[in-house]
Each structure stands twice: as C-alpha cells, then as structure tokens.
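Fold and contact review
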2 protein chains.
Amino acid sequence: MKKLKRSARLVEMTQYLLNRPHTLISLTAFADRYQSAKSSISEDLAIIKEVFEEEGIGELHTLAGAAGGVKYTPKIHHDAAISIIQSVCRQLEQPERVLPGGYLFMTDMLGQPELLSELGRMFATAFANREIDVIMTVETKGIPLAYATAACLNLPVVIVRRDNKVTEGSAVSINYVSGSNKRIQTMSLARRTLREHSRVLIIDDFMKAGGTIQGMMDLLGEFNAKVAGVGVFVESGELGTEERLLEDYISLAKVTAVDLKTKQTTVVPGNFFQ
Amino acid sequence: MKKLKRSARLVEMTQYLLNRPHTLISLTAFADRYQSAKSSISEDLAIIKEVFEEEGIGELHTLAGAAGGVKYTPKIHHDAAISIIQSVCRQLEQPERVLPGGYLFMTDMLGQPELLSELGRMFATAFANREIDVIMTVETKGIPLAYATAACLNLPVVIVRRDNKVTEGSAVSINYVSGSNKRIQTMSLARRTLREHSRVLIIDDFMKAGGTIQGMMDLLGEFNAKVAGVGVFVESGELGTEERLLEDYISLAKVTAVDLKTKQTTVVPGNFFQ
C-alpha cells in the first residue's frame, strides 16, 4: 500500500477495523501497512476508539507488549438497543401477524438486513466475553440471525438440517420432541461441519418450551461439543416456567400474551434488557 | 451529535457510509449531523472516495443539485475477486469433497462469514446497475449468500420454502422438476412476503440444469413479479448447453469435471470473470 496522508489513513484504518471484528491486529502490521511510525498509528487508534465508543459502534481494546495489538469488538449501547427492540415489539403486536395456533408471522422482519445486523450486534454484545468456536442454528428462519451474529463475532456458522441431504455427506441424526406441540421430529448435522469439543453458541428465531433448542443440545452431545450460550430473538412467555426445558438463555423480545380471538398480542423486551 | 474535529468526523463518516450502502445521503443531512459547512463535508467525501476507490472497497457517487447527495456502492476489484475465487476453486477441488452422485460438499465454505461477504460483494458488483426490489433464494444453502448480497445492495430477502410451514401464513405452492434428477418437488412462498410486480434478483448456491431456479421463476410468475437477474455461486458445466434450462445468469465458479472414481474435480472461475 502506498503511503497515505493522515486523513486518508484514518479512513482506511476505520474500514479495515470494521471489516475485522474480534480479530487482534498487531500495531506492527498497521505500521507496515501504512509505512508509518507506531506512535502515529497509536494516535490514530485513539481517535477511532473515541468515535467508536461515543457513537456506540463498539469497543477498541489495545493490548500492550510484543504480542500486543488492537481488537475491535462490535457492541450496541443499551439505549440504542432498547429503542430498536421497542419498535420491533410494536411491529410484532400488529393483529395481522397472529397466525393459527398462536404463532406470530415475523418472516418479513427477518428479511431486513439492516434490522438483522442490529439484532446480531445485540447477541454479539451479550456473548462478547464467552469463549465460542462456532455458531449453530437450525433451518430455516434462524439462519439469517445466526449469520448476522457470526459476522460481528467473526465465527463460522453450522446449520442443523431437518432432513438429511445428499449434498451434506454423512450426518448424525437425532429425534426430538418439539415441546409445544409434542410431535417427534428429526434433525441432523453433517459429520464434517463440526469438530469434536467445539464450544457452540446456539442462535434461533423463536423459542416456546425450548424443545428444538434442547434437540440441538442433544445433537451437540453426539459431537462431544459444549454449549457456550443460547440466544433467541423472540421467546414465548405464555408457558409456566415449569414447562420450560431451558433456563439459561438470552432473549431479545418476549411475547407475553396472544389472544387468538381478538388477535391482541403483547410483546415486551426480552431478558437481554434486564 | 456533538461537533467533531476533522479527524473524528472522517472516522464517523466512513463508518456511517459503510453501514448504508446503496443509500442516497444528502449533503445537508451530513452538514446537519456534523454541524459543519457543506464545503468541509465535500472535502471529506473526496478523501473517503479516493481511499474507497484505491482500496477497492467500492464507489462513492456524488449527485449534484438540490436533490443531490452521496451514495456508497460496494464493489470488488476484478483482481481481488479472481484471487479469492481461485482459492475457492482450489478448495472445491479437494478430493474429499466429492459426494455420491457427483455433488461437491461446500457447506463449510458457506459457513464462513468473511468469504460470504466477499462473494456477496461480487454479486453486488455484478448487479449494481439493475433495478431490484428484493432478493429471493430457496432454502437452505443459498440463504447466507442471499443475505450477504442483500447487505451490500441494501435490499430485503425472501426465502422460498420446500415445505409449507404454519408460521408463514397462507402461501403459494408450485411443483417443479429438478432438472438433474427429474424428481417432482414442491416449493412455496408465503403470500405476504412478496409484493406484486416486484423486481427480483434470484441467488442460489448451486445450479446444474437450472430446474430449481426455473421453479423460482415460475413461482415469481404467480406473484406477477419479474426476474431482475440470477446469480449462482457454483454452476455445474458438465451438462451440454441444450440441457440447460437457463441462459442468462452470473456464476462465480464452474465445475467442469467430476470423476467419481478418482475423485478428481476441476473447478474454474465462473462467467462473472469473462
């Protein structure tokens, strides 16, 4: 890269860091990249850090020493997050979203990349300090959320299938009981997508009793993998806690009541905000 | 926002633009946001434009006049793209990827957010000048590619399902014949996810004869929607052109030969590079 003026270097470093979240970049690498003294690089990083933190874009951590460097951790401020989720709750309460069986239609919301990126940032904030190797979800609606989170945490994604496709090679399948409708279902994961002993963050779009997530946990057991956390976009709070299979999870929103007759729904911010 | 120094403003404007691709931002909005003269904003934008274009991050177009402003269009340089795709081709040629039926295992590659973001940038470059309202894909493996493209083009995504889920509400279903194995299959799209007369970019991970994509096109017909383009990650070039159902598409890579006995595969850059 040719030597840049300070102003151009700031633009370049900003985009470079934003594209490499949760990645330690050594000051030497930056100094080489921009043919500049480490002291100038440090000054630039201080400016970037201040803007990122003031604007709620995330944190910039500098590690001193020979193995040191700088790491960008995407985060979202509580105020910004709650204002987004409150708007999400109002949208989810629209009467036309109530479907037979008390489900809420939310496919359209999970099709908006900008909203997904904010939701991913919330999960990335919640799980920033966990040791995670990979993010897991089950097809279909959880997939975009898992990728949005993975982009912030710089992690790969594995997708559990509800069938067993020829294009996946050999797979491990388990049967599980969906907690809410008590039906036995199958899920499977391709053998070569997950290494043994991986630490796995489970992300899904919706949780009622938690049967599907419990199924994913059982599947992880088959790979000798470990659950590092569970994040769901919307949880249903209609069940009593004794019916819930799962206790340790982060939710972004919570449906507290669905009246099938009047189509009135109440949706409140999830336990991420407590 | 409090008034920023020039250096901090450059950092802030860079992240602001990167987070809002394909969005026209008026100079007045920037001037208000940073409490700065439009002339200073224009100077800053000139610096950002130069870095974005030199580094191959994308283009910054300035539209003059009262309705004017600036728009960031993510792009990828041909050289950077071809070097990424060549590495993709080498990975796809690994003998252990050959599955029964001549399929190639590529789920792991579609699980890497960084690679996906580059592939999305390639599709965004290919389709930057088309008029598109929405991106469509069919579950499951095409989903992350569709979202990566959508993030660059600032567009919503709709997902065609292979079943008809209760959580989607009423849906339109069609039967289609998968071109490669001649089996009749079903796909469906929730009524409320796609507006009539939408212009739709179809994105998928793999295309052999094109039966699945032809199915999506037929489904679009049911919504009076129009195909604005077709992009596939990998196409199989093993078929004669007379067997291919589809002619106008962009591919990023092309499998030209799979030898099931020796597990030797040849993968070359797709027609995007021609």
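Here the structure is a predicted model, which is why all the values come from computation and not from measurement.

**Overview of the UniProt feature "domain: Bacterial purine repressor N-terminal" (unreviewed entry) in chain A**
Per the UniProt record, "domain: Bacterial purine repressor N-terminal" (unreviewed entry) is annotated on residues 5–74 of chain A. Secondary structure over residues 5–74 of chain A splits into 54% helix and 20% strand, and the C-alpha atoms at its two ends are 27 Å apart.

**What about the interface of chain A and chain B?**
It is common to report an interface's size as the accessible area lost on association of the parts. Listed by partner, the interface residues are 52 residues for chain A and 52 residues for chain B. Of the roughly 4300 Å² buried where chain A meets chain B, counting both sides, 64% is carbon and sulfur surface. Scanning the region where chain A abuts chain B turns up two salt bridges. A salt bridge links Glu55 of chain A to Arg33 of chain B, with the nearest nitrogen and oxygen atoms 4.0 Å apart. For the interface between chain A and chain B, the tally reads 10 residue pairs in polar contact (both at pLDDT 80 or more). At eight residues, helix H1 (residues 6–18) of chain A tops the list of elements feeding residues into the side of chain A that touches chain B. Its residues assigned to classes, the side of chain A that touches chain B comprises 28 nonpolar, 10 polar and 14 charged.

**Details of the nonpolar core**
Across soluble globular proteins, nonpolar side chains show a tendency to be buried alongside one another. Judged by nonpolar contacts, the single largest core of 92 residues is most densely connected at Met122 and Phe233 of chain A together with Met122 and Phe233 of chain B. Once you skip the residues sitting within four places of it in the chain, Met122 of chain A turns out to touch Ile76, Ala81, Ile84, Ile85, Leu252, Phe272 and Phe273 of chain A. In this structure, Ile25, Ile48 and Val51 of chain A together with Val11 of chain B belong to the second largest nonpolar core, which totals 46 residues.

**A look at helix H7 (residues 211–222) of chain B**
Residue and element names in this part refer to chain B. When the terminal C-alpha atoms of H7 are compared, their 17 Å separation across 12 residues agrees well with the 16 Å that a helix rising 1.5 Å per residue should span. The complete set of buried residues in H7 reads Gly211, Thr212, Ile213, Gly215, Met216, Met217, Leu219 and Leu220. Next to the buried residues of H7 lie strand S4 (134–138), strand S5 (157–160), strand S6 (171–177), strand S7 (184–190), strand S8 (199–207) and strand S9 (226–236). Phi for Asn224, located one or two positions after H7, is positive at around 50 degrees.

**Structural notes on the sheet that holds strand S10 (residues 250–259) of chain B**
Where strands meet in a sheet, backbone hydrogen bonds hold them as pairs that are either parallel or antiparallel. Residue and element names in this part refer to chain B. Strand order in the open sheet formed by six strands is S5-S4-S8-S9-S10-S11, with mixed pairing between adjacent strands. In this open sheet, the two strands that pair with only one neighbour each are S5 and strand S11 (264–269). Taking each pair of neighbouring strands and ignoring which way they run, the sheet shows an average axis angle of 25 degrees. In terms of strand pairing, S4 meets S5 through four bridges, oriented parallel. Across the sheet, the residue bridging to Thr137 is Ile159, located in S5. Helix H4 (residues 78–92) rests against S9, S10 and S11 of the sheet, and its axis sits at about 170 degrees to S11. Packing of H7 onto the sheet brings it into contact with S4, S5, S8 and S9, and relative to S8 it is tilted by some 160 degrees.

**A look at the packing of aromatic side chains**
Summed over the entire model, instances satisfying the criterion amount to 10 aromatic pairs over all chains. Here the aromatic cluster, defined as three or more aromatic residues joined through ring pairs, consists of Tyr16, Phe30 and Tyr34 of chain A. Taking NZ or CZ as reference, Arg20 of chain B lies 3.6 Å from the ring centre of Tyr16 of chain B, over its face.

**Considering the domain arrangement of chain A**
All names here are of chain A. We note that the domain assignment places domain 1 (6–74) and domain 2 (78–273) within chain A. When each unit is reduced to the centre of its C-alpha atoms, the spacing between domain 1 and domain 2 is 33 Å. Across the contact, eight residues belong to domain 1 and eight residues belong to domain 2. Carbon and sulfur atoms supply 49% of the area that domain 1 and domain 2 bury against each other, a total of about 540 Å² over both sides.

Cut-off values and rules
- Residues numbered from 1 in each chain as written.
- Chains lettered and ligands numbered in written order.
- Predicted model: local features only at pLDDT ≥ 70, side-chain atom pairs only at ≥ 80, totals over all residues.
- Heavy atoms only, no water.
- UniProt positions renumbered as here; feature names shortened; annotations may be inferred.
- Helix = DSSP H or I, 4+ residues; strand = E, 2+ residues; numbered from the N terminus.
- Contact = heavy atoms within 4.5 Å.
- Buried area = accessible area lost by both parts, 1.4 Å probe.
- Salt bridge = Lys/Arg side-chain N within 4 Å of Asp/Glu carboxyl O.
- Polar contact = N/O pair within 3.5 Å; in protein donor to acceptor, adjacent residues only side chain to side chain.
- Nonpolar A, V, L, I, M, F, W, Y, C, P; charged D, E, K, R; others polar.
- Core = buried A, V, L, I, M, F, W, Y, C linked by side-chain atoms within 4.5 Å.
- Buried < 20%, exposed > 50% of the residue type's maximum accessible area, 1.4 Å probe, protein only.
- Expected span 1.5 Å × (residues − 1).
- Pairing = 2+ DSSP bridges.
- Axes fitted to C-alpha atoms, helices over the stretch in contact; angles between N-to-C directions.
- Phe/Tyr/Trp six-rings, centres within 6.5 Å; stacked < 30°, edge-to-face > 60°.
- Lys NZ or Arg CZ within 6 Å of the ring centre and 35° of its normal.
- Domains from an automatic or database assignment.

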